[in-house]
Amino acid sequence: MKDTLVHDKQFWKFSLYGFLKNLRFFDPYLLLFFHSVGESYTQIGLLFSIREIGTNLLEIPSGIFADSFGRRKSMIICFTGYILSFIILFFSKNFFMFALAMVLFSVGEAFRTGTHKAMILEYLRIHEMLHLKAEYYGQTRGWSQTGSAVSSLIAAAIVFFSGNYRSVFLWTLIPYIGGLFLMISYPKELDFTAGHTDSGLSLREQMGRSLKALLSIFIGKKLRTCVLNCSLYESLFKTSKDYLQQIVYQFSVALPILVFLTDHERSSLVIGIVYFFLFLLTSVSSRNAGKFSARNRGLPRSMNLLYLTGAIFMIAAGVLFRMELNGVVIIIFVLFYMVQNIRKPLTVAYLSENIDHSVMATGLSGESQVQTLITAIAAPIFGFLVDSRGIGTAFMIFGAAAIILLGVLKISDDSGEPHEAR
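Cut-off values and rules
Residues numbered from 1 in each chain as written. Predicted model: local features only at pLDDT ≥ 70, side-chain atom pairs only at ≥ 80, totals over all residues. Heavy atoms only, no water. Helix = DSSP H or I, 4+ residues; strand = E, 2+ residues; numbered from the N terminus. Buried < 20%, exposed > 50% of the residue type's maximum accessible area, 1.4 Å probe, protein only. Contact = heavy atoms within 4.5 Å. Areas by Shrake-Rupley, 256 points an atom, 1.4 Å probe, with all protein chains shown as cover. Patch = residues over 30% accessible without salt bridge, like charges linked within 9 Å, V, L, I, M, F, W, Y side chains within 5 Å. Salt bridge = Lys/Arg side-chain N within 4 Å of Asp/Glu carboxyl O. Core = buried A, V, L, I, M, F, W, Y, C linked by side-chain atoms within 4.5 Å. Axes fitted to C-alpha atoms, helices over the stretch in contact; angles between N-to-C directions. Parallel < 35°, antiparallel > 145°, perpendicular 65-115°, else oblique. Left-handed = near helix turned anticlockwise from the far one by under 90°. Nonpolar A, V, L, I, M, F, W, Y, C, P; charged D, E, K, R; others polar. Expected span 1.5 Å × (residues − 1).

Just checking my understanding: could you explain the overall build of the protein chain for this structure?
From N to C terminus, the protein chain includes 17 helices and zero strands. Counting all 422 residues of the protein chain, 60% fall into the buried class. Within the protein chain, residue pairs in contact and separated by at least 24 positions form 85% of the contacts whose partners lie at least 6 positions apart. Surface exposure of the protein chain reaches about 16,800 Å², of which carbon and sulfur atoms provide 68%.

Right, here's the structure in full:
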């Protein structure tokens, strides 16, 4: 058993994957893009819901596919789905084609979620570093956030010089094609848990074992509560995070600087700069997730504390937005992002302690499925609230609901001993 992380070739491949995957040049502008072509916030919520429903329907099949046919094949399908989605978004001009792009995007999401995490965890198991999973995943995820920071600056330049939001989808093809070839280069030992091919199990038996593992997530009270807790928080974040774009846009056009630029040019620069610093800070957050857990006496306590903090930030953002203090709202959202990026590695570490490693992709995809189902329901409701009551009210209602639900979804440590961050 190794006492320290090993930054070998595969570590840097895992990190490069995260960096390339997060070069999503459209991320800071997706909501603004849809709104600029005439979609209402309710319609935008529906598009996000279509993406989540598609992901939800494919979560179980994609997890079983990864555990049964190989995780690398699953990741190749993932990147192919993303690439086709970006092509359609670049050329499309109506809701139905956008919906098709969201379906293809959901293929990428479903075949990715759980699968790549399972590959990391399998690598750590093989090399006797599984006890370092929170630190290892946090560090590789830190590179993902670095990719997002770099992406924000590049995206700002693309939007500024092209004069439109649409071109970001075309440029995003470049890193995603690179990611596709990176997946092909991954070692075969990560396709399955060791012993898989020699187990003597038929495909039907392997799929049956995967489904049994998935059902076990919802049978055990402790794991079920954790899955619902993690999924609800992630859904809260995913549903609300893109509305930061509109807040920064309103903030930027009101600034008494760069007045010689158009609103579009000025907002593209400010949004890019805000997201650049946001993702730099979240990168630091991810890399220190293990230390945070250690200081707060283990995973369950840390995850509950971060859940409550995130919900409070959301309510505060809503109140401050209604007071028209958009600059302060942006700071609150940056903190919200940081909390989510500390919590995410802890979530993966906690779930991995309770799921059989031979069906890890299926188990983690099960958690993602619950998350996407909640988001599919929440996104159009949030969009309707924004259209009818405003962004601030929507934030306050969702944040308050999350705090109320924490009363029944609080994660407890039944072992009697605190979980170690390592």
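So what exactly am I meant to see when it comes to the environment of Ser-412 here?
Tracing the backbone through its elements, the reader meets Ser-412 in the segment after helix 17 (391-409). Distance from Ser-412 to Pro-300, taken between C-alpha atoms, is 6.1 Å for residues 112 residues apart in sequence. Apart from the residues within four sequence positions on either side, Ser-412 is in contact with Lys-222, Pro-300 and Tyr-350.

Sorry, what's going on with unusual backbone geometry here?
Most peptide bonds take the trans form, and the phi angle of most residues other than glycine is negative. Residues other than glycine seldom take positive phi values, yet Glu-324 does so here, at roughly 65 degrees. Here Glu-324 is to be found in the loop between helix 14 (299-322) and helix 15 (326-352). Of the residues examined, Glu-324 reaches a relative accessible area of 69% and is grouped as exposed.

What exactly am I supposed to notice about a nonpolar patch on the surface here?
Taken together, the side chains of Leu-153, Ile-273, Phe-277 and Leu-280 present a nonpolar region at the surface, about 350 Å² in accessible area. No other element matches the three residues that helix 12 (residues 263-287) contributes to the nonpolar patch. In this structure, Leu-153 sits in helix 7 (residues 133-162).

Sorry, what's going on with the nonpolar core here?
Nonpolar side chains in soluble globular proteins tend to be buried together. Among the nonpolar cores identified, the biggest contains 118 residues, and Phe-34, Tyr-136, Phe-333 and Phe-395 are the most heavily contacted of them. It is helix 15 that contributes the most residues to this core, 14 residues altogether.

I'm lost on the packing of helix 10 (residues 221-241) against helix 15 in this one. Help?
A pair of packed helices can be characterised by two numbers: the angle between their axes and the separation between those axes. It is the contact of helix 10 with helix 15, at a shortest axis distance of 11 Å, that shows an interaxial angle of 150 degrees. Comparing their axes, helix 15 and helix 10 come out roughly antiparallel. Taken as a pair, helix 10 and helix 15 cross one another with a handedness that is left-handed. For the pair helix 10 and helix 15, the contacting residues are Lys-222, Leu-223, Cys-226, Val-227, Asn-229, Cys-230, Tyr-233, Glu-234, Leu-236, Phe-237, Ser-240 and Lys-241 in the first and Phe-333, Phe-336, Tyr-337, Val-339, Gln-340, Arg-343, Lys-344, Thr-347, Tyr-350 and Leu-351 in the second. Among the residues forming the contact of helix 10 with helix 15, the class breakdown is 13 nonpolar, four polar and five charged.

Just to check I follow, could you spell out helix 6 (residues 115-126) for this structure?
Residues lying three or four places apart along an α-helix face the same way, a consequence of the helix completing one turn every 3.6 residues. For helix 6, built from 12 residues, the straight-helix expectation of 16 Å at 1.5 Å per residue is met to within 8% by its first-to-last C-alpha distance of 17 Å. Extensive coverage of helix 6 is indicated by the burial of 10 of its 12 residues. What helix 6 keeps buried is the set Thr-115, His-116, Lys-117, Ala-118, Met-119, Ile-120, Leu-121, Glu-122, Tyr-123 and Leu-124. Note on helix 6: the residue one or two positions beyond its end, Glu-128, has a positive phi of about 55 degrees.

Shape is all these values report; function is a separate question.
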